[in-house]
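# Results of the structural survey
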Amino acid sequence: MLKRAAASSFLGSVIEYFDFFVYATCAAVVFKDVFFSNMSPLAGTLASLATFAAGYLARPFGGVIFGHYGDRLGRKRMLVLTMSIMGIASALIGVLPTYATAGAIAPILLVLLRVVQGIALGGEWGGAVLMSAEHADSRRGFWASFTSAGAPTGTLTSTIVITSTIAIVGNDAFVEWGWRLPFLFSLLLLVLGLVVRAKVDESPEFLAATDRAPDTGIPLLRLLKAQPKVLFLSVGVGLGAFVFQGALTTYSIAYGVQSGVPRQEILNALTISSFLSIFGIIGWSALSDRIGRLPMVIAGSIGIICWGFALFPLIGSKSFPLIVLAMVVGQAIVHPMVYGPLAGLYTELFSTEYRYTGASLGYQLAGIGAGVSPVLFAEIMRSNGGTSTLGLSAVIALTAVLSIACIAKLGETKNRRLSRVAVDGADTPPAATDASAVVA
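Remember, it's a predicted structure, so these values are computed and weren't measured experimentally.

About the cut-offs
Residues numbered from 1 in each chain as written. Predicted model: local features only at pLDDT ≥ 70, side-chain atom pairs only at ≥ 80, totals over all residues. Heavy atoms only, no water. Axes fitted to C-alpha atoms, helices over the stretch in contact; angles between N-to-C directions. Helix = DSSP H or I, 4+ residues; strand = E, 2+ residues; numbered from the N terminus. Parallel < 35°, antiparallel > 145°, perpendicular 65-115°, else oblique. Left-handed = near helix turned anticlockwise from the far one by under 90°. Contact = heavy atoms within 4.5 Å. Nonpolar A, V, L, I, M, F, W, Y, C, P; charged D, E, K, R; others polar. Expected span 1.5 Å × (residues − 1). Bend = angle between axes of the 7 residues up to and from the residue. Salt bridge = Lys/Arg side-chain N within 4 Å of Asp/Glu carboxyl O. Buried < 20%, exposed > 50% of the residue type's maximum accessible area, 1.4 Å probe, protein only. Arc of directions from axis to C-beta. Phe/Tyr/Trp six-rings, centres within 6.5 Å; stacked < 30°, edge-to-face > 60°. Core = buried A, V, L, I, M, F, W, Y, C linked by side-chain atoms within 4.5 Å. Disulfide = S-S within 2.5 Å. Patch = residues over 30% accessible without salt bridge, like charges linked within 9 Å, V, L, I, M, F, W, Y side chains within 5 Å. Areas by Shrake-Rupley, 256 points an atom, 1.4 Å probe, with all protein chains shown as cover.

## Re the packing of helix 12 (residues 228-258) against helix 13 (residues 263-291)
- As a packed pair, helix 12 and helix 13 sit with axes 9 Å apart at the nearest point and diverge in direction by 155 degrees. Here helix 12 lies roughly antiparallel to helix 13, going by the angle between them. The chirality of how helix 12 crosses helix 13 is right-handed. The segment helix 12 lies against helix 13, with L248, T249, S252, I253, G256 and V257 engaging R263, I266, L267 and L270.
- Residues belonging to the contact of helix 12 with helix 13 are distributed by class as follows: six nonpolar, three polar and one charged.

Below, the structure written as structure tokens:
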């Protein structure tokens, strides 16, 4: 059942992130012409990326909503619901009218469906991670990482589907109507995902917690009463990785195209780096089971600081080998050192009775960084006329420093027992097996 839970979590994450990043790619290269054709190219790109950010802003609400019912009714039910909502919303985007045919109503509907996507994804990640981690008796970071590995797999799948669609219909046809096909493809993935997810049993940790305390009250209120400091620090831990993710998977596409790099070269580099990052996430997460979450997150954050200053000059070189180097080192080596262990880390920070809510909210609030950073980067470049990327690198570095400070405050978590319950009113996570795992 553990392997089945991990496979279900992985596949569900692939489907959710496929839908999410099909939108991301189209927002970077298509939607400015389809839904914001009445604006200048730079303004259209900024508006398009703003709709992308709307999905990230909606994700914490999804974490709270589905976290509440996931903590009260069970993880499995919510995961079936989030997957269905995401698939249907994506398919509806694929049949939206354009600005040329419907006027202002077209971008309004686009934003609304993007918000629905964000709410669904906000509820998906926490439940999927817990289904794996709460089934695991050991190597929790490794098993939980399959959910996180689904993110680059979904990105990879979306890039392959978009690239294949462009190759089949041509670039002009893709901008005109071909961009709809990847969104409609989501329906096929949805059916596959629901079949697999139906075969997974409910989390044993959730069932045990229900037996201990069947009437647990409102999970969000319990979380805010018992562990507000831990929640705040959990947001800071993930922020640096998500801001860097926004630079790698979204803004790099827009920046490369605006710098004169052929769109297909950027997509090819993203395909390569996304594939390799799957192994980076699982590998670094497995290592974090041995050496701890804390040293992995600190090492990865230092790497993000350094590579954040190299990323944009390498892309701006317009050399395909250097662009591949920029993306592979960033997405497959440096970023997974922080992002991979987050699944195990967020699971270990909160008590079972409100763990779905706590893990989802902490992760999704941090995840706003990936949605807002492309918009912030685009505005920084607009304000300086596109003459320097140092401001972008500085933002990445500052958020990575914040991640280091927060993980240092939280301390090590890998030895914590999930079955222990935090005492209400005390800002401490579930009890640790040794003194080094106690929150500072």
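## Comments concerning helix 14 (residues 293-316)
- With 24 residues, helix 14 should cover 34 Å at 1.5 Å per step; its first-to-last C-alpha distance of 34 Å lies within 8% of that length.
- Of all the bends in helix 14, the greatest measures close to 35 degrees and is centred on W307.
- Note on helix 14: the residue one or two positions beyond its end, K318, has a positive phi of about 65 degrees.

## Concerning the pattern of salt bridges
- Evaluated as defined, the whole model comprises eight salt bridges.
- Here E134 makes a salt bridge to R75, at a shortest N to O gap of 2.9 Å. With E134 in the loop between helix 6 (105-133) and helix 7 (140-169) and R75 in helix 4 (residues 75-93), this residue pair connects regions lying 59 residues apart in the sequence.
- Relative accessible area serves as the criterion here: at 3%, E134 is assigned to the buried category.
- A salt bridge links E379 to R382; the nearest nitrogen and oxygen atoms lie 2.6 Å apart. In this pair, E379 and R382 are both assigned in helix 16 (residues 355-383), three residues apart and thus about one turn of the helix distant.
- The network of salt bridges with common partners includes D71, R75, E134 and R355.

## Points about the packing of helix 1 (residues 2-29) against helix 6
- Where helix 1 contacts helix 6, the two axes come as close as 10 Å, and the packing angle between them is 160 degrees. Relative to helix 6, the element helix 1 is oriented roughly antiparallel. Considering the relative orientation of helix 1 and helix 6, their crossing is left-handed. Every residue of helix 6 that contacts helix 1 at L2, A5, A6, S9, G12, S13, E16, Y17, D19, F20 and Y23 is listed here: L110, R114, Q117, G118, A120, L121, E124, W125, A128, M131 and S132.
- Looking at the contact of helix 1 with helix 6 residue by residue, the class counts come to 12 nonpolar, six polar and four charged.

## Observations regarding helix 11 (residues 219-226)
- For helix 11, every residue scored as buried is listed here: P219, R222, L223 and A226. For helix 11, the buried positions fall inside an angular range of 100 degrees around the axis, keeping them on one side. In helix 11, the exposed positions that point more than 90 degrees away from the buried face belong to L221 and K225.

## A look at the packing of aromatic side chains
- A full pass over the atoms with the stated rule returns 22 aromatic pairs.
- Ring geometry for F18 versus F185: centroids 5.8 Å apart, planes at 70 degrees, classification edge-to-face. Remark: F185 occurs in helix 9 (residues 180-197) and F18 occurs in helix 1; sequence separation between them is 167 residues.
- For F18, a relative accessible area of 0% puts it in the buried group.

## Some thoughts on the nonpolar core
- Grouped together as the largest cluster of nonpolar side chains are 113 residues, with contacts concentrated most on F31, F35, W179, L311, Y339 and Y346.
- For this core, the leading source of residues is helix 15 (residues 320-349), giving 15 residues.
- The next biggest cluster of nonpolar side chains, apart from the first, holds nine residues, and it includes A5, F66, M78 and M131.

## Describing the state of the cysteines
- Under the defined criterion, the tally for this structure stands at zero disulfides.
- Not engaged in a disulfide, the cysteine C306 finds its nearest cysteine sulfur in C406; these two sulfurs lie 19 Å apart.

## Some points on the side chain of S186
- Within the secondary structure, S186 is located in helix 9.
- The exposure class assigned to S186 is buried, which follows from its relative accessible area of 1%.
- With residues up to four places along the chain from it excluded, the contact list for S186 reads F18, D19, G87 and S90.

## Observations regarding a nonpolar patch on the surface
- A contiguous nonpolar surface patch, about 530 Å² in accessible area, is contributed by I88, L92, V95, W177, L181 and L184.
- Looking at the nonpolar patch, the elements with two or more residues in it are helix 4 and helix 9.
- Tracing the backbone shows L92 in helix 4.
- Among the residues examined, L92 registers a relative accessible area of 42% and is labelled partly exposed.

That is the geometry; function is a separate question.
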